[in-house]
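Residue-level structural notes
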Amino acid sequence: MEAADELVLTLDIGTSSARALLWDRRGRQVGPGHSQARYAMDTTPDGGVTMAAGRLLETVEGCIDEAHSYAQKAGSGLAGVGVSTYWHSLCGLDAANEPVTPIYSWADTRAESAARELAARHDEPAVHARTGCVFHSSYYPAKLAWLRETQSSLFSSVAHWVSPSEILLCRWFGPHARRLSISMASGTGLFLQNEQRWDLELIYALGLDESLFSPIVDFSAPTRGLCEEYSARWPLLAEIPWFPAVGDGACGNIGSGCVGPDRLAVNLGTSGAIRVVWDEGRGGLAEAPPGLWRYRVDSRRPVLGAAFSDGGSVYAWMERALRLPATAELEAGIGALPP
């Protein structure tokens, strides 16, 4: 098969759904090779927002099954796999790399008091300058402090704190694939944005150890060689490169063409955000201004922005609570109104 005929598989793992899509080398979506499965996080009255790791794994694998089946029937080869996942979320694995906690979403607010306590004990402006993040319930420091305080036995059983992407790749490839991209690490609140490594000063101040967190790699360091079970299940994917996951917000900028400081991307998904990306080789901010966060696309492209607590989730609530008409009818009515 000619290389030009090979397709690329992308996995988009979001807060409310997972998708697998096939693309040709010119960036055009291929036929019906698109699978999407929706899910809802588990919520509790005290602000908990979690998801069982096994349910995420099963959902994403089902999407891959459908896309892989289409590629096989079409006689297409696959050249590589790209992955996008949601930032900030956290899960604990035991020494055998099995999940022992649920995935704690960025939207889980139970660590709010822990975030306030951290801000009172530490020089928050200095931490923000280094990591691009303040102390907030979305980020790792507050989540970890809260879990250690409220669930000490569970906390002690964790050998590795990981993001959703690490759970998946570790299952599909084995322990050596438990690696975290610069992009995903940049949204943890424990990452030095300029030095591009874990913030050991903060990790040690939290009473933690660097060994609890995965090695950090750049986007250009793919993983190859699915384990035996998944090689048999997805033969077209067995030996091709799987690239480290990139944060979904960063992918939103790249996909919409907002890749320079002169173009802002406004995203309204489950949450909302305004983001700008630039290339450090052309100069730019050394740290995030107060009130904004700073993450990364990769080793050379930072992402600067601000977030809104809710976006699409508010609209979904309005649909249910107000019993709004179908989307097409509603949008037609709104479109007919004066500005």
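Scroll up to find the structure.
These figures come from a predicted structure and were not determined experimentally.

On to the sheet that holds strand β8 (residues 103-104), then. In space, the three strands of this open sheet follow the order β4-β5-β8, with antiparallel pairing throughout. Of all strands in the sheet, those bounded by a partner on one side alone are β4 (42-43) and β8.

With that settled, consider the pattern of salt bridges. On inspection of all chains with the given rule, the structure shows 14 salt bridges. When the shortest N-O distance is used, the salt bridge between R19 and D12 registers 3.0 Å. Measuring nitrogen to oxygen at the nearest pair gives 2.8 Å for the salt bridge that ties R233 to D65. Of this pair, R233 sits in helix α9 (residues 228-233) while D65 sits in helix α1 (residues 53-74), and the two are 168 residues apart along the sequence.

A word on the pairing of strand β16 (residues 272-277). As a general feature of sheets, a regular strand has side chains that alternate between the two faces. For β16, the tally of buried residues reaches five of six residues, placing the bulk of the element in the interior. Of the pairings in the sheet, the one linking β16 to strand β18 (residues 302-308) comprises six bridges and is antiparallel in character. Counted as the bridge partner of A273 is A307 from β18.

What follows covers the side chain of S214. Relative to the assigned elements, S214 resides in the loop between α8 (200-205) and β13 (216-217). Taking the relative accessible area as the measure of exposure, S214 reaches 2% and is therefore buried. Reaching out from S214, the side chain makes a polar contact with the side chain of E166 at a distance of 2.3 Å. Among residues more than four places away in sequence, those in contact with S214 are V162, E166, R178, R179, L180 and W198.

Within the fold, D24 resides in the loop between β2 (17-23) and β3 (29-38). There is a polar contact of 2.9 Å between the side chain of D24 and the backbone nitrogen of R26. In contact with D24, other than residues within four places in its own chain, are L7 and V30.

This brings us to the packing of aromatic side chains. Under the definition given, this model contains 12 aromatic pairs. An angle of 80 degrees between the planes, with centres 6.4 Å apart, marks the rings of Y139 and Y295 as edge-to-face. With Y139 in the loop between α3 (124-131) and α4 (140-150) and Y295 in strand β17 (residues 293-296), the pair connects residues that are 156 residues apart, well separated along the chain. Like Y295, Y139 is buried. Aromatic side chains F173 and W242 sit 5.3 Å apart centroid to centroid with 80 degrees between the ring planes, which places their arrangement in the edge-to-face category. Of the two residues, F173 sits in helix α6 (residues 164-173) while W242 sits in the loop between α9 and β14 (246-247), which places them 69 residues apart along the sequence.

Under the criterion given, the structure shown has zero disulfides. Residue C251 stays outside any disulfide, its sulfur separated by 13 Å from that of C258, the closest cysteine.

This paragraph deals with the sheet that holds β16. Pairing is antiparallel across the open sheet formed by four strands, whose spatial order is β15-β16-β18-β17. This sheet does not close on itself; its edge strands, each paired only once, are β15 (265-268) and β17. Neighbour to neighbour, the strand axes of the sheet diverge by 30 degrees on average, direction disregarded. Along the sheet face, helix α10 (residues 248-255) touches β15, β16, β17 and β18 and points at about 60 degrees away from the line of β16.

Attention shifts here to the nonpolar core. L11, W172, F213, L237 and W242 are the most contacted members of the largest nonpolar core, which has 83 residues in total. The leading source of residues in this core is α1, at eight residues. Sequence-distant contacts of W172, that is, excluding residues within four places in its chain, are made with L11, L57, V60, E61, I64, L226, C227, Y230, W234 and W242.

Where nonpolar side chains cluster on the molecular surface, the patch consists of L264, V266, I274 and F308 and spans about 390 Å² of accessible area. Summarising the element assignment, L264 is placed in the loop between α10 and β15. A relative accessible area of 55% means that L264 is categorised as exposed.

Conventions used here
- Residues numbered from 1 in each chain as written.
- Predicted model: local features only at pLDDT ≥ 70, side-chain atom pairs only at ≥ 80, totals over all residues.
- Heavy atoms only, no water.
- Pairing = 2+ DSSP bridges.
- Helix = DSSP H or I, 4+ residues; strand = E, 2+ residues; numbered from the N terminus.
- Salt bridge = Lys/Arg side-chain N within 4 Å of Asp/Glu carboxyl O.
- Buried < 20%, exposed > 50% of the residue type's maximum accessible area, 1.4 Å probe, protein only.
- Polar contact = N/O pair within 3.5 Å; in protein donor to acceptor, adjacent residues only side chain to side chain.
- Contact = heavy atoms within 4.5 Å.
- Phe/Tyr/Trp six-rings, centres within 6.5 Å; stacked < 30°, edge-to-face > 60°.
- Disulfide = S-S within 2.5 Å.
- Axes fitted to C-alpha atoms, helices over the stretch in contact; angles between N-to-C directions.
- Core = buried A, V, L, I, M, F, W, Y, C linked by side-chain atoms within 4.5 Å.
- Patch = residues over 30% accessible without salt bridge, like charges linked within 9 Å, V, L, I, M, F, W, Y side chains within 5 Å.
- Areas by Shrake-Rupley, 256 points an atom, 1.4 Å probe, with all protein chains shown as cover.

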